[in-house]
Every structure is written in structure tokens, then in C-alpha cells.
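Working through the structure, step by step
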Amino acid sequence: MAIDGIGAAVRRKEDYRFLTGQGNYTDDISRPNQVHAYFVRAQAAHAKIVRIDTAKAKAADGVVAVFTGADMAADAIGGLPCGWLVKNKDGSPMQEPAHPVLAVERVRHVGDPIAVVVAETLAQAKDAAELLDIELADLPAVVGLVDALKPGAPAVHAGGNLCFDWHIGDADQVAAAFKNAYKVAKIDLVNNRLIANPMEPRAAVGEYDRATGEYTLFTTSQNPHVIRLLMGAFVLHIPESRLRVVAPDVGGGFGSKIYHYAEEAFVTWAAPKIGRPVKWTAERGESFMSDAQGRDHVSHAELALDKNGKFLALKVSTLSNMGAYLSTFAPAIPTYLYATLLAGVYTTPAIYAEVKAVFTNTVPVDAYRGAGRPEAAFLIERIVDIAAAEMGMDRVEIRKRNFIPTDAFPYQTPVALQYDSGDYFATLAGAMNAIDYAGFEARRAAAKKVGKLRGIGISTYVEACGIAPSNIAGALGARAGLYECANVRVHPTGSVTLFTGCHSHGQGHETTYAQLIAERLGIGLDQIEVSHGDTNKIPFGMGTYGSRSLAVGGTAVVKALDKIVDKAKKIAAHLLEAAEADIEFKDGKFTVAGTDKSKSFGEIALTAYVPHNYPLETLEPGLDETAFYDPKNFTFPGGAHICEVEIDPDTGVVKVVDFAACDDVGRVVNPMIVEGQVHGGLAQGIGQALMEECVYDDKGQLRSGSFMDYTMPRADDLPSFKVSTAITLCTHNPLGVKGVGEVGAIGSPPAVINAVVDALKDYGVRHIDMPATPQKIWAIVNGGHRMAAE
Amino acid sequence: MYDFAYHKPATVADAAKILAADGDAKALAGGQTLIPTLKQRLAKPSAVVDLSAIKDLAGISVAGGKVTIGAMTRHGDVAASADVKKALPALAALADGIGDPQVRNRGTIGGSIANNDPAADYPAACLALGATIKTNAREIAADAFFLGMFETALKPGELIVSVSFPIPEKAAYVKFGQPASRYALVGVMVAKTATGARVAVTGAASAVFRWSDAEAALSKSWNAASLDGVKVSPDGLNSDIHAAADYRAHLVGVMAKRAVATAG
Amino acid sequence: MAKISLTVNGKKVSAEIEGRTLLVQVLREKLGMTGTHVGCDTSQCGACVVHVDGKSVKSCTMLAAQADGTAVTTIEGLANGNELHPMQAAFKEHHGLQCGFCTPGMVMSAIELAKRNSNPSEHDVREWLEGNICRCTGYHNIVKAVQAGAQAMAAAK
């Protein structure tokens, strides 16, 4: 192994620039002569646009232009497209309403953009925005999922509020199994709506070069090629050859920066109209009402068990909130990334799930870290705890009794997925040891003596990531492929630049990918640069989300390296006057097997570019290879998370006193980065369980519209975490990697809530919806407010 | 933010003159509430009068059984003051819990009190300790100072110069932070003085208030258990997504007991 | 428009400002020092923390006019050439950053803690960082970094 290769906790190559203030985030980019755009957004959740008079605003100091939806419509600008088509139970397509870049005729959620003022300075744009004369006629709004499907509910779109009514699994088989059930565990639960809130607000700068006809968009995106494709082809009708999208340093995404947003399309469209670069940066308040939000399910589930506690069948009925419009990948989240995971880590032989997706007068909902899989894990791990209580069984025992046996892989679930590998017993044992599970009752007793309520909760989960085999995704409605691309460019003196279609916005790709290259080519990390985020540099790419960057993007790197080594061996064979088959490559040296004749990697690279002594008849010069890798299957990270909480019954405050996560993320390339990814996911999962909630009032006003009211986990809300791995290798990619970006956020929420319910077991609590805020807990302890709990 | 004229007078008199002449001018102390308010375009002052150059407005002195703090004294300086820690540790502890370190490095006692945010911490200290607020015109007892939400007895052009806190026998402030903003969802300051107990509650209602039932109970017997069964009515208390009025009312009792226990 | 003069990272600079101009706008827009970030509009997140006359403050909650005549230190002013400040080095060593956006504010805030307390406990660090929000790291490694950085700063004295 190279010193800095696979398995080494290499310190990150990218850190110097971030630590010295030299990162290059989108808002750091200022183009010569740029103007500033300010979006005027709907303050009503549902209203008819009666009139927009822009005259006064246009005449204000510094104003360059004012645009409305009518201006874009007049230019035949397309709506923001949806990238995934889900079909109804009867095979008909989902309802796919138009999503104009700027609202026309109607606004459908608070924050829906109505007009844009462009001025010399942002302050002038904001000053002028107040001079816009906008008359809206309020319409009744619908906010809640259940309300939206009631007869007579206000219709968000002409086609009504049902986007699709979809299902998966075998309903008859499930019904039959329930007939034979010894017991049935039931639960009604909510998966709370969240806001991703990466610390960098979204931003976009659009620029047009009249001399070349090229458009450039700098944007806070997790996938610049996807934005180029969607915006170029569907919205602005610009060929890819004349559209460059750059996602420079991006300050976190967590899913919310996957999608194609109105502001990106606007600044790109407006740049040539105005003849100057156009810049927009979200204020945090805008992020709250324009970034796609996450989760928001209401579900009912029933689990049938036999007398030994074996799961016989699971049926699930879920309502999923789409918000007011379909965000780019919204339909895929509560279907193929949710219901296909409902087997969890268990051998449940029959599963049936139906999902209704619903439009409401709220901000669009799409993937947020975990995307569908946290919702599945929460539902499964809550109902398993309830089943244990119904059966009078130990919570560990019921899980172990139903785990997919370690020798049963590959394992075909009844909901389409085939898990390739896993060892759920090993990860559970790892987490139990780390948290001293055996010693818990003594800690509970000690806490009780000082008036505190302790509880412990387990979550054993699996997820599917490494998105995705294109043919499967296509069959399921994806309007894109989900391969990844890598271009390995060896330079004449032997240094290497990797161009990857994935995008790093905190994940440390510049280091992890460099480790893959160092390992394979035997060169130092200082000889390797990783380039990402610029469509003019990188052949193509689908970007970073769904924990795919190593399993898919990393495999593309390996495949490109295979091609590099293959070609380099041919060059070495020529130089060493040996048969290609006799050339061995190890530790950066090409050697003729069984001899001491060798050439270094650098010598081969130089020869490739200075081909004086070179087999030019049979081999092209140069050493620059591109690979596209389309995964054969999803990958299936899994593990066990155990949370220990202590509740102050006087105030209802839940303190996470300990948290252990033992995850199987496949082979670990950089353990330091892997642990960091888990930590961050845990914080978001604990945040969902205890603190975070996007709240609308019944008129559709966002009540949690800033950091003053949306509770972001802070340092003193969290403990240090006990993080470990117990890995099995992925069987279908050469690195054996699975993915780690989302596991923390997927496994942790049910562990926390299971712990809270355990702490409150003397109060007869079966379930608490997230977030388990102090007020909710106090209401339970106080006994007066049963609505907080079942 | 709307634009405004910026003034930085060197004396209280000059500052008062500008403020008196222009009813739309606003005094700027630490700015930790005013600037965010301006950024949200929730206020449109014609001018902002920065008080930071007025030398005699900042400082701490302990004398005559009183701790006197100049209006422009930063929270962090009160928290770190050896004199305050010794004479009135509850006040130093309260200052050390306002906002976060960066807010404490800028925010001032005068600004906090003049703003009278319903969830601010200092007003509770003023009421519970029976402070006297000295302005450029007069001295105002805390009981007559805090009139309502963001409303005080200050007249146009009137500026706080200093706040004097009589040193109590015992005192403590305990708050329950609003989870997102970390402002006081409920904060209770208790003080045992020669003339009886005083209890002030912030965060719970539209403005800081004294809780007379608790004062009576504690005046009888200074002990957390004295508050058993003493309840504040939820009627009129704040209700929001973080805490309904009944929960706030409950927390008032819990925080009061904890404050008494902390005071010893 | 008024003119202010201040010292930023040891260099005297001046800028034309409006009354409403914020310190962070002077740093980012007038001086082109984009290392100081803006992550919120309610003075909560701390991405914009700089030092003014040696104390950490939120540069989004201070008028530029208030900074007239002060000495400001930003994230760009910490390293000595390629040699990182001990707190910066500790963040790198302990993986106390991921996307890097909150990092400048975190580091600036942590340095003031380290100056006050050369050996802060985990509890001390978590309390001190109340005004700095990170969405990536779960704070685990930030806490470790700040503790190590504080010790390294003390050792370097």
C-alpha cells in the first residue's frame, strides 16, 4: 500500500485554502461590471396575481431592469423540469404541473418568486423592490398533507392535489399473512419536515460573452452537468456547447443544492438581456422559503408477527408532501428511495406499500440527506420497538431474530432490491459494546436517584446508495442516467490531474480520490490534483448526492486508472523490449517479470508525450484516459446506532448523553473523513429527532423562517460520538466501497426516539413524533396533553 | 437596510441634542438588536447616533452598597469584572449568559434595557434587584421603567447613563433558552433583600414583570420549597411554536425554584 | 458616502461607505477579502466572525462606520505565509472542517477562547461556540480541534 493510499487517515489537501480564507465560493465571485438581482417573493401562500406595475421601480436609482414572469413567458422560457416520472397504480403518469421560473397568474407558496429587480447595487435593488406595485388576490391555501386530499380542499393546481398514487409489493400476499398473524403492531407516525440549511446560502452569477455566444453560470450546485442539461435543454434552450456551468467551492449541500432552481435560470437568461453579468445571493431568509425542503410524511404501518416474534408481513400507507411544485427529483424520494427500503435489515417475507404524493401551498420538497431512507428506517425501527413491546420481547432479541442472516447474501427483498452484503449482527455488537449496553440499567437506576429519566434506543438499519444502475433507474422513471465519469490526465512529467463528474462540497474528494490514484500509480499525493465542478473541464458527470461519489465516481476513477495502466504497460513493454504480458506494475514501477529491468511511472509518462522511441504504428501518444462507470447495483451500507438519553422531567429537556454508531460502509479509503461524515449525519439525525421542524401555520406562512425559530443543532446540544465500523465489502464494485454520506442521518433518528420512548415507558408512551421537543415531553410527563403522544 | 445618516457624538449632551431634534433618529449602543432589526428593514431611522465615543458612559464601580454600570459597558466586561463577580455574582453570571461570546463583546447594558425586548435578560435583573436607571435627565426606578413590549419610560432624546444595582443578600438568575434563538423562553431572577424577596420574570410575557405571589412566598421563607404550589397563571403569557402559555407558566415555576436554589 | 480608515490584518486601509454599510461588506466587497462569510441574516450563525481590537465580533452585526479607527483581524491575517496559525493547523489535523464555509468564523471565535483559556474542557468549547453554527461536522472534530489549538497556542507563547 502507498503510504497515502487506501486506508490512510490522510489530512485533507483542500484544507489549506479553506483555513486561510482562500476558498472560492460562488458569492466570492464578482465579475467585472456585474449587476445585482433581488427576487421579490410572494408573501401569501396562495394568491392570484392581479397586477404588477413595475414603472416606479424601473425609475428608481441604480435600477437596470425589472422582470416578471410575463417577460420570461414572452421569451418562451420553459418551466423548471422534473427529472423523474412516477406512474400511478393504474400505470397512468403522475400529475406534472408547470413550474414557471417566475410565477405567472398565480403564486403557490410563500417565497414563490414574482419579479426580479436588477440594479447596480443590491441595496438599490432592494430599495426599488419596495416601489413595485403588486396586487395579489388571496386564495385559500392548503398546507397539511391530510387536509390536501379532503374533498373541497383548495386546489394547488388545476389537476387537484394528488400528484400520484403509487404502490409496490404484493398486496394479496400481505393480506394473507396478516390473516395468520399472532400479533399485529400498528403505528401512525409523522416524519417531520426539515430544512437542509447548508451554511452557505445558494448563489448564482450569470454571464454572457457576446463575442463567443457562450453563457457561463457560476452556481452553488452539487451537480453542474445536471444543471447544464436541465437548464440548457428544458428552460433556456441553449446548447451544451455554449453553456458552461461552474460549481466552485460549495459550502455544504445535503441534497438541497442538487436541484435546478429558478434563480440559476434567471441570472443566465438575464445576462445577455442586460448585457452585464448578473449576480444573486440568497439571504438566509430566502433560503428558508426557496431551498427545497425535506421529509414530510404521514404514515400508517402495520407489522404482522408470528408467535415467535418473526415478522410475517408489513403494510404501509404513506402520504408524502411534494410542496407546491415538483422539484427536480421529488417524485423519486418517497417511492424508489423509500418504499424499496421497507424490508430494512429483516427477513420480512411480504411487504406492501402505497404512497400518495400530494401538492400543498408550501415550498417544494425533495431529497435531504438520506432522502427517503431515513423515513423508511424511522418507520421500521419504530414499529419494531412497538412490536417488541406488544410481544413482551427484548428489543435486541426481536431484531436479531429477524435479521437477514449473514450467510443469506445476496438477499432479495420483497420490495425490489437485492442486498449484496452485510453483517447486521456484527454492527449491532459493535455499537452495543461501544455504549456499554449491558451496563445501561445501572445507569438508568443512578439517574432515577437524582430525578432524571434515562432511556436507551437501538436502530438497526440498511440503506441503498451508490445511485444508480441507469437501466434500473430508467425503468423506474428516471429521465437521466446515473453513471459517473472520470478523466485521468497524466502530464508529461508524471503528475496527474483527475477530472471527476462528482462534486465535493465538504466530502473531501480532493483527498479521497487522490488516495485512490496514489495507491494505484504509486505517486505522491502532492503529484495529484483533483478537479471538479466545471463543465468546461470535465467530460461529463452526474454529481454528488445519494452517497454515490466513491461507489460510482470512485469506481469510474479506478476504471480510468485501469486504462492508464494498460496503456502504460504497452509503452513500458516497448521501452523494455519485453512482451506486454510480462510487464508488472507495482509501487510506481514497471518491471519485466523476473528481471531487474524497470521503468518508473514518470519515465513512461514522459515517453507518452515525447514519443521518440514509441510504437506509434499501434499506439497513440499521450496518457489521458476517460471512463464512464455505470454501477451494477445499488450499494447497501447498514449498521446499528444506539442512543442514550436523559430527560429532565421538570422541563422536558432531552439530553443525548451518549451515542454509539457502528456502521458498515464497505471498504474505508480515509477513516478520518469517514468518521467526519458519520458525525455530521448524526448531528442532523439527532437534530431531526429532537430539535428541527419546519412549521407552517394554517395560512401557509412559514413560522420557522429563520435561525431564530428553526432550531439548528449547536455545539452544546450534542455529545461527542462513539463512531466505529464493522465492514463487509461491496461485491460488485472493485473497491468494495458502499458509501457513508447519509448513514448518520438515516440510522440515528429512530435510535433517539426509541431512547426517548424507553425513558418515558413508565408514562405509558408508545410513540412520540419528531421533534421530541421539551414542550412535548413536558406535556407527556405532565399528563395533561395526550395529543403530544399516543 | 435603509440608508441613514451616521453620527458619532463625543458627549451625552451632543447625542441628546441630535436625538431630540430628530424624532426618527435612533441611538446605537452595542447594536446587537438594532442592527439585525435594521437589516430586516423593520425600522427606518433617519439617523443612527453611535454612543460608543462617549467616554463617561462605560465603566463599572462598586460603592455604597451598589454596583453601578455605565450604559455602554459591554456584557462581556460585566461578566469578566472581578468587582461585579465579588459584589453581585448573579449579575456577572447573567451577563455571561447573554447571547453568545460575540454578542457579549458588543452588546451593552444600556442598549438592552432601553430596547426592553420581552426576552432580554438584563430587564429581569433590573426589576428583581430594584435597580435605578440614571439618564441624562433623571433617575428612574426599575419598577417605573419597563412599561411594555419594547416600551420604556425613556422620553425622546433621553439617554441612559448608568444603571445602579443595590447589592442584595442573595440573588440568582436562571433561564430556559428558546432552543433556536437562545433568547430567554423564560428567565427568572430572584433576589433576597433586606426588605424582602423580589422575583422578576422575562421571556414569558409581553414584557418583564414581577411575580408577586412568589415574592410573598419567598419573603416568608427563602427556600425553593416555598414555591411549591405557587403558580403563575398562563393567561396573558406568550404562546409560540416553541412554548404554549401553559408550558411557559410551568417553566416560570421551575426556573424560579432553580434560581432560589442557585442563590443558596 | 463617508470615508473610514482602519487597519486590517496589519495594513492601513480606507473605504467609502454609506451609513448602512456593514463591516463584512467592507471586507468582502470593498477590500475583496472574501474569507469572511455571511451565512445568515439574523446574527446567529457566526460565519462572519472577525476580531475587532482583539475581540471576536460578528462583522455582519457591526456597521462599517463603527469600525472606523479600529484594528481588524480576519481569517486571511492568521497564517504566516504557508505556515498555518496553531488554531488553523489544529483544525486541519483534527478534521475540524468539511465544506469550509463556517470555518473562518469558527477559527476566529476559537482563537478568542484560547486566549482566555489555554486548556478548555469539552464543555467549555461547546459553550463558547454557541454563536457558531456548523452543519457538516456535528461539532465532534471542531471541539477536538479547538482544544488542541488552544494548547498549541499556549505552547507557542
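Residues numbered from 1 in each chain as written. Chains lettered and ligands numbered in written order. Predicted model: local features only at pLDDT ≥ 70, side-chain atom pairs only at ≥ 80, totals over all residues.

Description of the overall build of chain B
Defined as follows: Where helices and strands are cited, they refer to DSSP runs of H or I of at least four residues and of E of at least two residues respectively, numbered from the N terminus. Radius of gyration here is computed from C-alpha atoms only, and the compact-globule reference equals 2.2 Å multiplied by the residue count raised to the power 0.38. Note on contacts: residues are paired as contacts if their backbone-placed C-beta atoms lie within 7 Å.
A count of helices and strands for chain B gives 11 helices and 14 strands. Compactness check: chain B gives a C-alpha radius of gyration of 18 Å against a globular reference of 18 Å for 264 residues, within 12% of the reference. Counting only C-alpha atoms and orienting by the principal axes, one finds that chain B spans roughly 55 × 45 × 30 Å. Intrachain contacts of chain B at a sequence separation of at least 6 include 60% that bridge at least 24 residues.

What to know about the pairing of strand β12 (residues 278-281) of chain A
Strand residues, when the strand is regular, have side chains that alternate between the two faces of the sheet. Residue and element names in this part refer to chain A. Test applied: Buried means a residue has 20 or more other C-beta atoms within 10 Å of its own C-beta, exposed means 12 or fewer, and partly exposed covers the counts in between; C-beta atoms are placed from the backbone. At least two DSSP bridges between two strands are required for those strands to pair.
Residues V278 and W280 point to one face of β12 and K279 and T281 to the other, with burial holding for every one of them. For strand β1 (residues 35-41) and β12, the ladder comprises 2 bridges, and the chain directions are parallel. Directly across from V35, in β12, lies its bridge partner V278. Pairing between strand β9 (residues 203-209) and β12: 4 bridges, direction antiparallel. Bridge pairing links V205 to K279 in β12.

A short note on the domain arrangement of chain C
All names here are of chain C. To keep it simple, the criterion reads: Where each domain starts and ends follows an automatic or database-derived domain assignment. Put simply, Ala, Val, Leu, Ile, Met, Phe, Trp, Tyr, Cys and Pro go in the nonpolar bin, Asp, Glu, Lys and Arg in the charged bin, and everything else, Gly too, in the polar bin.
Entries for chain C in the domain assignment read domain 1 (2-77) and domain 2 (86-156). Placing a centre on the C-alpha atoms of domain 1 and another on those of domain 2 gives a separation of 21 Å. At the junction of the two partners, domain 1 supplies 15 residues and domain 2 supplies 11 residues. Secondary-structure elements contributing two or more residues to the side of domain 1 that touches domain 2 are β3 (49-52) and β4 (55-58). If one sorts the elements of the side of domain 1 that touches domain 2 by residue count, β3 sits on top with 3 residues. Partitioned by chemical class, the residues of the side of domain 1 that touches domain 2 number 6 nonpolar, 8 polar and 1 charged.

Some points on the interface of chain A and chain C
When the parts come together, some accessible area is lost, and that loss is often what is quoted as the size of the interface. Contact residues are listed per partner, giving 41 residues for chain A and 44 residues for chain C. For the side of chain A that touches chain C, the secondary structure elements donating two or more residues are α1 (15-19), α9 (284-290) and α18 (671-690) of chain A. Considering every element that reaches the side of chain A that touches chain C, the biggest residue donor is α18(A), with 6 residues. Looking at side-chain class alone, the side of chain A that touches chain C contains 17 nonpolar, 15 polar and 9 charged residues.

Topic: the packing of helix α2 (residues 86-93) of chain C against helix α3 (residues 103-116) of chain C
Residue and element names in this part refer to chain C. Short version of the rule: Here the axes come from fitting lines to C-alpha atoms, over the contacting stretch only for helices, and the angles between their N-to-C directions go from 0 to 180 degrees. Our angle categories are set so that under 35 degrees counts as roughly parallel, over 145 as roughly antiparallel, 65 to 115 as roughly perpendicular, and the remainder as oblique. Rotating anticlockwise by less than a right angle from the far helix to the near helix defines a left-handed crossing, while the corresponding clockwise rotation defines a right-handed one.
At their nearest, the axes of α2 and α3 sit 10 Å apart, and the two run at 120 degrees to each other. Taken as axis vectors, α2 and α3 run oblique relative to one another. α3 is crossed by α2, and the crossing has right-handed handedness. In this structure, α2 uses M87, Q88 and F91 to contact α3, whose residues at the interface are T103, V107, A110, I111 and A114.

A few points about the domain arrangement of chain B
As assigned here, chain B comprises domain 1 (1-50) and domain 2 (170-263). Measuring from the centre of the C-alpha atoms in domain 1 of chain B to the corresponding centre in domain 2 of chain B gives 33 Å.

Things to note about helix α5 (residues 140-156) of chain C
Heads up, the condition is: By this rule, a helix spans an expected 1.5 Å times one less than how many residues it contains.
If you check α5(C), its first and last C-alpha atoms are 25 Å apart, about what 17 residues at 1.5 Å a residue would give, namely 24 Å. Within the span of α5(C), buried status applies to C:H140, C:N141, C:I142, C:V143, C:A145, C:V146, C:Q147, C:G149 and C:A150.

A short note on the pairing of strand β3 (residues 47-50) of chain B
Residues and elements named next belong to chain B. Summarising the sheet, strand β1 (residues 5-7) and β3 pair through 3 bridges and their orientation is parallel. Bridged to H7 within β3 is V49. Note: strand β2 (residues 25-28) against β3, 4 bridges, orientation parallel. When the bridges of β3 are listed, A25 appears paired with A47.

With respect to the interface of chain A and chain B
Listed as interface residues are 13 residues of chain A and, on the opposing side, 12 residues of chain B. Residue composition of the side of chain A that touches chain B, by class: 6 nonpolar, 4 polar and 3 charged.

Section: the sheet that holds strand β5 (residues 113-119) of chain A
All names here are of chain A. Strand order in this open sheet of 7 strands is β3-β5-β1-β12-β9-β10-β11, and the pairing throughout is mixed. Of all the strands in the sheet, the pair left with one neighbour each is β3 (63-68) and β11 (243-246). The mean inter-strand angle of the sheet, taken between neighbouring strand axes irrespective of direction, is 20 degrees. Both β3 and β5 contribute to a ladder of 5 bridges, which runs antiparallel. Bridging across to β5, T68 finds its partner in A115.

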